[in-house]
Amino acid sequence: MEQPSSLLRLLPGIDQLLQTEQAQALMQTYSPALVTQALREALETLRVHIRSGAVKTLEMDDILSSAKAILMRAQRMDHRPVINATGILLHTNLGRAPMANRAGEAAKQAAISYTNLEYDVQTGKRGDRLVPIVNALLAVTGVEDALVVNNNAAAVLLALSALAKGQEVIVSRGELVEIGGSFRVPDVMAQSGCTLVEIGTTNKTRLADYEQAIHDETAALMKVHTSNYQIIGFTQSVEMADLARLAKQRGLHAIYDLGSGAMLPLSPYGLLMEPLVKDALSQGADVVCFSGDKLLGGPQSGIILGKKEPIAKMKKHPLMRALRADKMSLAALEATLLLYQDEGIAKRELPLYRMLNESVDTLKARAETLLSLLDKPARSVARMIDSQAQVGGGSAPGETLPSIALSFAPEHIGLNELYLRLSQAETPVIARVHQDSLLVEMRTVRDEELQPLADAIRLALSQEAS
Ligand SMILES: *Cc1c(COP(=O)(O)O)cnc(C)c1O
């Protein structure tokens, strides 16, 4: 065994390390400058460990493999897939729902090739990036015209700016929604240069309230779906059909911010509160806005459906250029909409509908498999329980889906510590702390994720409390 000082003198130089076979191999992938820098870092770390006495013998291979690890770590993306064990299907912090494979493929193809984004291959002339997507929207919804922007917040901003700038828009006090991430109806209204006219009370708004508020300066009546809350008890609100009739009589726009934009009925899953896109249209709204990445299950985008004239005004508005969607989102959205041509295909291919559809028995079987992948100590603190999943992400507020979870109540580590360890796992696992246990929900987990999930749980529980 060497003394630290003599060991330090024995350390190889960078030039010597660069000559090794392993370093040469690394330079097939990484530039000489990057390899040199990684070797320096590896040597520096080794010096520290030698001085502290933690390292007592010198292995050339160790230096090279730690340099390799440094290079690989630097290449690793911070942005990566995580396992959603929260039971919240549309989890905004986790990127809302995964898209269908076909949509993902379409986005990838658009990303890595040239595309006919603004080129009409039939005529050989310049084209409009929205034409394919508008056609797909018309085919699925039967609407007169349509438009796509970056997200629903942008859609509402554009609709109000193009249709009501400098004028008044009437909204019920019960619908002055705030969506997480600072989308507030009054603020969007101010930003678009409209004056918000609040009517009714928090719990009750009648058609007469709208009628009385209309005057020369009024441009539109707007209805906002209360996506993330419910008002229950002594309540009253005005249906879109009545609002649309009134708007038509007075020559005003009837704008409906639908939030989620469900294309398929959710009643088979016990979710009754979400309005459907086709109902919003048939009730006579002349502009309907919703997100592409909530219940539609597509990429982040804002979809605007409506009558020709208001949509034409929006298309011409200067904000349109600032809010336009990119080629990857448009490709993914078109692929998603094509799935809706057949309800069966949509339900099979969209991960969101697969999650909604799974029976409690399927979830139980998934929990059993997960239990079987754990080791004994982890299994001994786990219990399968009935639980509840939620749609989340500003959809179906207050409504739940029956679910199954594994509940962990270990004695040797705190729940917050366990939660953090899971979120820091190789494949991060985002779980849920509920009362005195940590829940790993089965409705938002896929079978392919069970192995990395089990690995993360096993490791998290095997370490002592820090
Ligand atoms: C979610 C939501 C929005 C914002 O949509 P994004 O696509 O997240 O920008 C606006 N209005 C309502 C009613 C919503 O539910």
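Heads up: the structure comes first, above all this text.
Structure report, in brief.

Criteria and cut-off values
- Residues numbered from 1 in each chain as written.
- Predicted model: local features only at pLDDT ≥ 70, side-chain atom pairs only at ≥ 80, totals over all residues.
- Heavy atoms only, no water.
- Helix = DSSP H or I, 4+ residues; strand = E, 2+ residues; numbered from the N terminus.
- Buried < 20%, exposed > 50% of the residue type's maximum accessible area, 1.4 Å probe, protein only.
- Contact = heavy atoms within 4.5 Å.
- Lys, Arg positive; Asp, Glu negative; His and termini not counted.
- Charge placed at Lys NZ, Arg CZ, Asp CG, Glu CD.
- Core = buried A, V, L, I, M, F, W, Y, C linked by side-chain atoms within 4.5 Å.
- Phe/Tyr/Trp six-rings, centres within 6.5 Å; stacked < 30°, edge-to-face > 60°.
- Lys NZ or Arg CZ within 6 Å of the ring centre and 35° of its normal.
- Expected span 1.5 Å × (residues − 1).
- Arc of directions from axis to C-beta.
- 1 Å grid on protein atoms, 1.4 Å probe; cavity = no way out; pocket = protein on both sides within 12 Å on 5 of 7 lines; lining within 4 Å.
- Points joined across faces, edges and corners; volume = space filled by probe spheres on them.
- Nonpolar A, V, L, I, M, F, W, Y, C, P; charged D, E, K, R; others polar.
- Near = heavy atom within 4 Å.
- Polar contact = N/O pair within 3.5 Å; in protein donor to acceptor, adjacent residues only side chain to side chain.
- Areas by Shrake-Rupley, 256 points an atom, 1.4 Å probe, with all protein chains shown as cover.
- Pairing = 2+ DSSP bridges.
- Axes fitted to C-alpha atoms, helices over the stretch in contact; angles between N-to-C directions.

To continue, consider the overall build of the chain. From N to C terminus, the chain includes 21 helices and 17 strands. On the principal axes, the C-alpha backbone points of the chain span a range of 95 × 60 × 40 Å. Taking all 466 residues of the chain together, the buried fraction comes to 48%. Intrachain contacts of the chain at a sequence separation of at least 6 include 74% that bridge at least 24 residues. With 47 positive and 53 negative side-chain charges, the chain shows a separation of 3 Å between the mean positions of the two kinds.

The next subject is the nonpolar core. Ranked by size, the top nonpolar core spans 95 residues in total, and within it M222 and M314 carry the most contacts. It is helix 8 (residues 152-164) that provides the largest number of residues to this core, a total of 10 residues. Excluding residues within four positions of it along the chain, M314 makes contact with L147, L158, A159, A162, L163, V287, I304 and M320.

With that settled, consider the packing of aromatic side chains. Under the counting rule described, the total for this entry stands at one aromatic pair. When the ring centre of F234 is taken as origin, the NZ or CZ atom of K204, which lies over that ring, is 3.8 Å away.

Once that is clear, we can look at helix 6 (residues 101-112). If you check helix 6, its first and last C-alpha atoms are 17 Å apart, about what 12 residues at 1.5 Å a residue would give, namely 16 Å. All of the buried residues in helix 6 are A103, A107 and A110. Across the axial projection of helix 6, the buried residues extend over an arc of 65 degrees, all falling on one side. Structural note: helix 6 exposes N101 and I112 on the side pointing more than 90 degrees away from its buried face. On its buried side, helix 6 packs onto helix 15 (327-339).

It is worth spelling out the layout of surface pockets at this point. Taken as a whole, the second largest pocket encloses approximately 630 Å³ of empty space. The residue makeup of the lining of the second largest pocket, split by class, is 11 nonpolar, 13 polar and six charged.

Around the ligand sit 14 residues in total, of which R96, S227, D257, S291 and K294 are the nearest. Between the ligand and the protein, one listed contact pairs an oxygen atom with a side-chain N or O atom of S291 at 2.6 Å. When the ligand is considered free in solution it has 380 Å² of accessible area, and contact with the protein chains removes 93% of it. Put simply, the parts of the chain that give the shell around the ligand at least two residues each are helix 8 and strand 10 (253-259). Looking at side-chain class alone, the shell around the ligand contains four nonpolar, seven polar and three charged residues.

It is worth spelling out the sheet that holds strand 14 (residues 400-408) at this point. Whenever strands of a sheet pair, they do so through backbone hydrogen bonds, lying parallel or antiparallel. The sheet built from four strands is open, its strands ordered 13-14-17-16 with antiparallel pairing. In this open sheet, the two strands that pair with only one neighbour each are strand 13 (382-390) and strand 16 (432-434). Put simply, the sheet's adjacent strands are angled 45 degrees from each other on average, direction ignored. Sheet analysis places strand 16 next to strand 17 (residues 437-441), joined by three bridges and oriented antiparallel. Considered in strand 17, the bridge of R432 is made with L439. The strands touched by helix 20 (residues 415-423) within the sheet are strand 14, strand 16 and strand 17, with strand 17 carrying the most contacts at an inclination of about 30 degrees.

Quick look at the sheet that holds strand 4 (residues 145-149) now. Taking strand neighbours across the sheet as the criterion, the seven strands line up as 4-12-11-10-9-5-8 in an open arrangement whose pairing is mixed. Each of the sheet's edge strands pairs with one partner strand only, and the pair in question is strand 4 and strand 8 (195-199). When the angles between neighbouring strand axes are averaged without regard to direction, this sheet yields 20 degrees. In this structure, strand 4 lies alongside strand 12 (residues 302-306), joined through five bridges in antiparallel fashion. In the sheet register, L147 faces strand 12, and the bridge partner there is I304. Sitting on the sheet, helix 8 touches strand 4, strand 5 (168-172), strand 9 (218-224), strand 10, strand 11 (287-291) and strand 12, and the angle it makes with strand 11 is about 160 degrees. This element, helix 13 (residues 308-316), spans strand 4, strand 10, strand 11 and strand 12 of the sheet and lies at about 30 degrees to strand 4.

Turning to the pairing of strand 17, a few remarks are in order. Of all five residues making up strand 17, five are buried, and the element is well covered by its neighbours. Residues S437, L439 and E441 line one face of strand 17 and the alternating positions L438 and V440 line the opposite face, and both faces are buried. Bridge count between strand 14 and strand 17: four bridges; the pairing is antiparallel. Each bridged residue has a counterpart across the sheet, and for L406 the counterpart in strand 17 is V440. As consecutive antiparallel partners, strand 16 and strand 17 are separated by two residues, and within that stretch Q435 has a phi angle of approximately 50 degrees, a positive value.

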